[in-house]
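Listed here are the chains, written in short residue letters.
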2 protein chains.
Amino acid sequence: MSLLVVGSIAFDCIETPNGSVDDVLGGSAPAFCFAASFFTPPRLVGVVGDDFPDVYRGLFERLRIDTAGLVTQPGKTFRWKGRYHQDMNTRDTLEVHLNVFGTFDPVLPPAFRDSTHVFLANGSPVLQGRVLDQVREPRLVLADTMDLWINTQREALLKLLPRLDGLFVNDSEAQLLTGETNLVRAGRGVRRLGPKFVILKKGEHGAMLFSADGVFVVPAYPTPDVTDPTGAGDSFAGAMMGYLDSDGSPPPGRLRRGMAYGTVVASLTVEDFGLDRLKRTDRAEIDARLESYRKMMAF
Amino acid sequence: MSLLVVGSIAFDCIETPNGSVDDVLGGSAPAFCFAASFFTPPRLVGVVGDDFPDVYRGLFERLRIDTAGLVTQPGKTFRWKGRYHQDMNTRDTLEVHLNVFGTFDPVLPPAFRDSTHVFLANGSPVLQGRVLDQVREPRLVLADTMDLWINTQREALLKLLPRLDGLFVNDSEAQLLTGETNLVRAGRGVRRLGPKFVILKKGEHGAMLFSADGVFVVPAYPTPDVTDPTGAGDSFAGAMMGYLDSDGSPPPGRLRRGMAYGTVVASLTVEDFGLDRLKRTDRAEIDARLESYRKMMAF
């Protein structure tokens, strides 16, 4: 099996009520890859500027991330600056400088075209579709999206959805897509738009899975140490798909167990700024937290 | 075993985006008793005016609710009018007429003083304490509260908390009591104020239990048919305590299983106005939903 992600690579400036950091490694692709790397070596497609430091390239290598699709272009790497509110559930974007990411048209290296598992990180649905065109026989395709694309490229998004196995949306995106306020109805409504299953993310309240098997509820792992929620969603997706790429147990248990791994890894991600917490965890800690998570729900 | 509840009995006028009802049976005590009645015959202490109809007294009797503590006073029964917002998670109180409930000083009938399980429904912590004084040897005492008492009778509440086994609070009340925004920290903080355990309610996002055994997460049962959330919290408490009063299996599984029953019965409550949905369910449907709820979380 082989897991491909196409997404952004960024330098993040993050302000929270408890502190702030400047120019840390961010973007959807690194968060996804770091989380996936505990389960399988992911293939990365993305673009950086010539300001991207070797130390991060070395980090990618240590994590066994295949960077054959990492393009370096003249200019600056994507930069994002955001500020979290007191409750850590909402944030304001203060600055966005797309830089080299603004004109990126992802081309898969020939060696990546046989990828079996594909994650189309948040991006224009037109580009997401164009990436998917380049994968020969994908077995499991998941995509993320955001309110921007629902509002500005709705038609392209509606064309993409039937090509997906799974779509990640958060609660407000599901409501925006369907006009339903009840989350069960909203999740089911998104699924009727085409994807085989829908993962509805509720931040600190967990997630829900809507599939042919019905609804599966996934509470968040209750960590007291929420330092920085940036990257939680992409690391959820990375751990989930990394697990699915690595494991051969039969569905539907696989999808659910993948989501449990996603939950646990996302709960680690938020415990420090950027990807720092993921840098100092390992599969043993993840598995231990998974067991404690399972016990937390048993009755 | 014997389960006592002291709380309000009201006529509710409820407006929701999907319809409204006038003068339906409401208040914390009926919601608690209806839910508890599937597990054990509860003992009710409350007050109504001379406008309280016989049809409700007959309903109490059919549900095996012991009404030895139901006082009828000259005047009108408590009335409440509220309007839910589009998302059903928030509501405005439009009218409150305490009527006979405004001066109610609950006196337990002698036969109720040996109650083993006691629920002090939302009310002044001074009165809640005075009720507790009248119970001879309670084994399990749970109480509910609200922002009003935290803001206006904080000292009395802080005196009551160490006398409780468990306290129900919602997320904003826990934050108000402790000053913590993170819900894990807030729940732990409330527990440090005295109760042996804390049940932190998050509405459609479920609940959390903080006890000596750590944290237990309880997602809501995802129903697509949210008609009226009124009474969800009290029916959660009623089913939970009804189960605990009726069952002899050992802790901590008991508390968790009680919360699972609370979750499932609360999800039924919200599927129709007032207590109408509880009037047409039975233990078999509740147990079937409990099993489907368990499967929903398995991975």
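**Q** Tell me about the sheet that holds strand E6 (residues 78-84) of chain B, residues and numbers included.
**A** Residues and elements named next belong to chain B. Read from one edge to the other, the open sheet built from four strands follows the order E3-E2-E6-E7, with strand pairing classed as mixed. Either end of the sheet is taken by a strand with one partner, and the two such strands are strand E3 (19-26) and strand E7 (91-97). Taken pair by pair, the neighbouring strands of this sheet meet at an average axis angle of 15°, ignoring direction. The sheet contact formed by strand E2 (residues 10-16) and E3 spans six bridges and is antiparallel. Following the sheet pairing, Glu-15 is matched in E3 by Ser-20.

**Q** With reference to specific residues and values, describe the packing of helix H9 (residues 253-269) of chain B against helix H11 (residues 283-297) of chain B.
**A** Helix packing geometry: the angle between the two helix axes and the distance between the axes. Residue and element names in this part refer to chain B. Two numbers describe how H9 lies on H11: the axes approach to 9 Å, and their chain directions differ by 110°. Relative to H11, the element H9 lies roughly perpendicular. Relative to H11, the crossing made by H9 is right-handed. Residue-level contacts link Arg-257, Ala-260, Tyr-261, Thr-263, Val-264, Val-265, Ser-267 and Leu-268 of H9 to Arg-283, Glu-285, Ile-286, Asp-287, Arg-289, Leu-290, Tyr-293 and Arg-294 of H11. Of the residues belonging to the contact of H9 with H11, the class tally is eight nonpolar, two polar and six charged.

**Q** Let's hear about the pairing of strand E2 (residues 10-16) of chain A: which residues, and what values?
**A** All names here are of chain A. Of all the seven residues making up E2, six are buried; the element is thus mostly covered by neighbouring parts of the structure. One ladder, built from six bridges, connects E2 with strand E6 (residues 78-84); its direction is parallel. Looking at the pairing, Phe-11 lines up with Arg-79 of E6.

**Q** Could you give an account of empty space enclosed by the protein, naming the residues involved and the relevant values?
**A** To find leftover empty space, a probe the size of one water molecule is rolled over the atoms. A full pass over the atoms with the stated rule returns one cavity of 30 Å³ or more. Put simply, the largest cavity is a space of about 30 Å³. What lines the largest cavity is simply Met-297 and Phe-299 of chain A together with Phe-216, Val-217, Val-218, Pro-219, Arg-256, Met-259, Ala-260, Tyr-293 and Met-297 of chain B. When contributions to the lining of the largest cavity are tallied by element, the ones reaching two or more residues are strand E13 (214-218), H9 and H11 of chain B. Across the lining of the largest cavity, the residue classes break down as ten nonpolar, no polar and one charged.

**Q** Describe in detail the confidence of the model for chain A, supporting the description with residues and values.
**A** Of all residues in chain A, 99% attain a pLDDT of 70 or more, and the chain-wide mean is 96. Both scores are given for the predicted complex: the pTM is 0.93, the ipTM 0.88.

**Q** Can you explain the packing of aromatic side chains? Please cite residues and give values.
**A** Taken as a whole and judged by the stated rule, the model has 28 aromatic pairs over all chains. Pairing Phe-32 of chain A with Phe-119 of chain A gives two aromatic rings, centres 4.6 Å apart and planes at 5°, and the pair type is stacked. Of this pair, Phe-32 of chain A sits in helix H1 (residues 28-36) while Phe-119 of chain A sits in strand E8 (residues 117-120), and the two are 87 residues apart along the sequence. For the pair Phe-32 of chain A and Phe-119 of chain A, one class covers both residues: buried. Judged by centre distance (5.6 Å) and plane angle (45°), the ring pair of Phe-52 of chain B and Tyr-56 of chain B falls under tilted. Among the residues examined, Tyr-56 of chain B registers a relative accessible area of 14% and is labelled buried.

About the cut-offs
Residues numbered from 1 in each chain as written. Chains lettered and ligands numbered in written order. Predicted model: local features only at pLDDT ≥ 70, side-chain atom pairs only at ≥ 80, totals over all residues. Heavy atoms only, no water. Pairing = 2+ DSSP bridges. Helix = DSSP H or I, 4+ residues; strand = E, 2+ residues; numbered from the N terminus. Axes fitted to C-alpha atoms, helices over the stretch in contact; angles between N-to-C directions. Parallel < 35°, antiparallel > 145°, perpendicular 65-115°, else oblique. Left-handed = near helix turned anticlockwise from the far one by under 90°. Contact = heavy atoms within 4.5 Å. Nonpolar A, V, L, I, M, F, W, Y, C, P; charged D, E, K, R; others polar. Buried < 20%, exposed > 50% of the residue type's maximum accessible area, 1.4 Å probe, protein only. 1 Å grid on protein atoms, 1.4 Å probe; cavity = no way out; pocket = protein on both sides within 12 Å on 5 of 7 lines; lining within 4 Å. Points joined across faces, edges and corners; volume = space filled by probe spheres on them. pLDDT = per-residue confidence, 0-100. Phe/Tyr/Trp six-rings, centres within 6.5 Å; stacked < 30°, edge-to-face > 60°.

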